[in-house]
Amino acid sequence: MKFSNQRKFLAIALACSVFLGACGGGEDLQSETVAPMETATSPTDAQREIALGLATASSNTADSTEDYSIRFGPDDFVGDDVPVLDPLTFVNEQANDSNALLSSNLAAGVVTKWNPGHYIEYGSNAGDFVIDAGLNETAGMPHVKGIMVRANWRQLEKSKGVYDFSRIDRYLNKAKAKGKRLFLTLGTKTFDGDKAVPDYLRTAQYSGGAFRIGTIKGTYGENASLHDDDVRNRLIALVQALGKRYNKDNSFEGITFTETAFGMMVKPLSDAQKKQFFSNLAKVDTAARAAFPNSVVLQFINYPANLVPPLFQNMKDKGVGMGGPDVFINDPDLERSAYVFNDKAKGVIPIGMKVESDSYEAVRHGGPYVQVDVRKIYTFARDQLHSNYVFWYRHTSKHNPWQDVLRMFKGEAFPQGGAGGLNAGCPSKFASCAPKL
């Protein structure tokens, strides 16, 4: 049954009150301008147990198999009473900006590298062994076009303007050696103690560089402070450096940006800051399209429902593709806030959907947890979400769903050529598409 937002908020609030000192404040954990995670005091084991116990107790009032995503907070699940920001807001804002990074009319005659199909997805800590394993497992599958590897901002910029792209180069070369391609996910949001942004941003000049987000597991992560224009400008500088290096590489298929959800903020942003966050994210997307005119650019969207519409409108206007960090085959919240845009994006801009670990184990966020048939995930991503790309996380724990994916790929009924049954048509926002430049 549908798990109400009210109960979801209650569980989150109870957990937050135990280990975050209340999600609505958090002044004891984060100063007004600086959020240095390395100085944070982690919750005690007892506090973690209490927080988890509260969440479990709340879930027992509904369904004992319910769980609560560590990725989201109350600010992500806005109700119907919250006004939706004008869908043309960000498009008009950038059109009226004399320093707009890209006009709404894409350059005529530009060829976009276009290799739709299935890709293997990896996290930011993936090592050579798992990368090599996935490439070897799919070496004889032409419909598996390549790999998607995540690199967090902190991993790529060691100090201001000093970039280290060795990790990208390493895995791009591995993909090339197998005749495959690479998608880069540029991470600006982390969990479980990882840092998202470089240390030089952790000053008052950059609003601390990131705001802390908590989880009911008693850990912390962070989300880049994109409500700060200076942080936005530094991220754009990174994107431009990446574009200069990889845009013309035929084995570099594209770049993606992480989910739009804020997370469980220790100290919530104001409504004005939230709008500015999305406005600046739109500018980053636009800058990425300008920096990667021959590559696919994807922005993963999910929450909150009132701020996503104008961001999507800007993406559609600029030729930035859309995607999602999850493919859940029965999730009313995502249907309302994200999947509603797949029909509008179909045939116009690229669509790339990611099958994360949770997608193999639930039909919606928060459970109930069941073993989901990967063929149903594929069919949903293909037919309902109109995917050009599907990124399959190489998830080998629990019931080892990755083996189910491989069996599906090898099955006689699975389309073995082209895009593996996915939509291969060139999006209308692109002047032309080709497998390579």
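In short, a report on the structure. (Residues numbered from 1 in each chain as written. Predicted model: local features only at pLDDT ≥ 70, side-chain atom pairs only at ≥ 80, totals over all residues. Heavy atoms only, no water.)

Before going further, it helps to spend a moment on the packing of helix α7 (residues 229-246) against helix α8 (residues 271-291). For the pair α7 and α8, interaxial distance at closest approach is 9 Å and the crossing angle is 20°. Our classification of the angle between α7 and α8 gives roughly parallel. The two elements α7 and α8 meet at a crossing, and its hand is right-handed. Where α7 abuts α8, its residues Asp-229, Arg-232, Leu-235, Ile-236, Val-239, Gln-240 and Gly-243 lie against Gln-276, Asn-280, Lys-283, Val-284, Ala-287, Ala-288 and Ala-291. (Axes fitted to C-alpha atoms, helices over the stretch in contact; angles between N-to-C directions. Helix = DSSP H or I, 4+ residues; strand = E, 2+ residues; numbered from the N terminus. Parallel < 35°, antiparallel > 145°, perpendicular 65-115°, else oblique. Left-handed = near helix turned anticlockwise from the far one by under 90°. Contact = heavy atoms within 4.5 Å.)

All right, on to the packing of aromatic side chains then. Aromatic ring pairs are defined here through the distance separating the ring centres and the angle between the ring planes. Throughout the structure, instances matching the rule amount to 25 aromatic pairs. Between Phe-77 and Tyr-303, the ring centres sit 4.7 Å apart and the planes meet at 45°, which makes this aromatic pair tilted. On the criterion of sequence distance, the pair formed by Phe-77 in the loop between α2 (45-60) and α3 (89-95) and Tyr-303 in the loop between β12 (296-300) and α9 (308-318) is long-range, its members being 226 residues apart. Using a relative accessible area of 6% as the deciding quantity, one classes Phe-77 as buried. Between the aromatic rings of Tyr-119 and Phe-391, the centroid separation amounts to 5.9 Å while the plane-to-plane angle is 55°, which identifies the pairing as tilted. Taken together, the residues Tyr-119 in strand β2 (residues 117-122) and Phe-391 in strand β15 (residues 389-393) connect sequence positions 272 residues apart. (Phe/Tyr/Trp six-rings, centres within 6.5 Å; stacked < 30°, edge-to-face > 60°. Buried < 20%, exposed > 50% of the residue type's maximum accessible area, 1.4 Å probe, protein only.)

All right, on to the environment of Thr-258 then. Considering the arrangement of structural elements, one finds Thr-258 in the loop between β10 (252-257) and β11 (264-265). Of the residues examined, Thr-258 reaches a relative accessible area of 8% and is grouped as buried. Counting along the chain gives 106 residues from Thr-258 to Asn-152, while the straight-line C-alpha distance between them is 9.9 Å. Here Thr-258 is in contact with Arg-150, Thr-185, Leu-186, Gly-187, Thr-188, Lys-189, Gln-299 and Phe-300, once residues within four sequence places are set aside. For Thr-258, the side chain forms a polar contact with the side chain of Thr-188, separated by 3.3 Å. (Polar contact = N/O pair within 3.5 Å; in protein donor to acceptor, adjacent residues only side chain to side chain.)

With that out of the way, let us pick up the state of the cysteines. Under the counting rule described, the total for this entry stands at 1 disulfide. Paired through a disulfide, Cys-426 and Cys-433 show a sulfur-sulfur distance of 2.0 Å. Between Cys-426 and Cys-433 the disulfide shows an S-S torsion of about 70°. By sign, it is right-handed. Residue classification places Cys-426 among the partly exposed residues on the basis of a relative accessible area of 34%. (Disulfide = S-S within 2.5 Å.)

Let us now look at unusual backbone geometry. Here the amide bond leading from Tyr-303 into Pro-304 is cis, since omega sits at -10°, within 30 degrees of zero. Locating Pro-304 in the fold gives a position in the loop between β12 and α9. Residue Gly-367 is joined to Pro-368 through a cis peptide bond whose omega torsion reads 5°. Along the polypeptide, Pro-368 turns up in the loop between β14 (351-355) and α12 (374-384). The backbone of His-386 sits at a positive phi, close to 55°, despite the residue not being glycine. One can find His-386 in the loop between α12 and β15. The class for His-386 is buried, based on a relative accessible area of 12%. A positive phi angle, close to 55°, is found at Lys-398, a residue other than glycine. Mapped onto the secondary structure, Lys-398 falls in the loop between β15 and α13 (401-410).

Right, let's get into the nonpolar core. Counting 101 residues, the largest nonpolar core has Ile-147, Ile-168, Leu-186, Leu-242, Phe-292, Met-322 and Trp-392 as the members making the most contacts within it. Beyond its immediate sequence surroundings of up to four residues, Phe-292 is in contact with Val-239, Leu-242, Gly-243, Tyr-246, Asn-247, Phe-252, Ile-255 and Val-297. Of all hydrophobic cores here, the second largest spans 10 residues; its members include Met-148, Phe-183, Phe-391 and Phe-430. (Core = buried A, V, L, I, M, F, W, Y, C linked by side-chain atoms within 4.5 Å.)

Right, let's talk about the sheet that holds β2 for a bit. Reading around the barrel, the 8 strands line up as β2-β3-β6-β10-β12-β13-β14-β15 and close back on themselves, with parallel pairing between neighbours. If you compare each strand with its neighbour and ignore which way they point, the axes differ by 25° on average. Pairing analysis gives 5 bridges linking strand β6 (residues 181-187) to β10, with the strands arranged parallel. Pairing of Leu-186 across the sheet is with Phe-257, part of β10. Against the sheet, α7 contacts β6 and β10, and its axis sits at roughly 170° relative to β6. (Pairing = 2+ DSSP bridges.)

The next point concerns the pairing of β10. Regular strands place side chains that alternate from one sheet face to the opposite one. Most of β10 is tucked away: 6 of the 6 residues are buried. Bridge analysis of β10 against β12 gives 4 bridges, and the strand direction is parallel. By the bridge assignment for β12, Thr-256 is matched with Leu-298.

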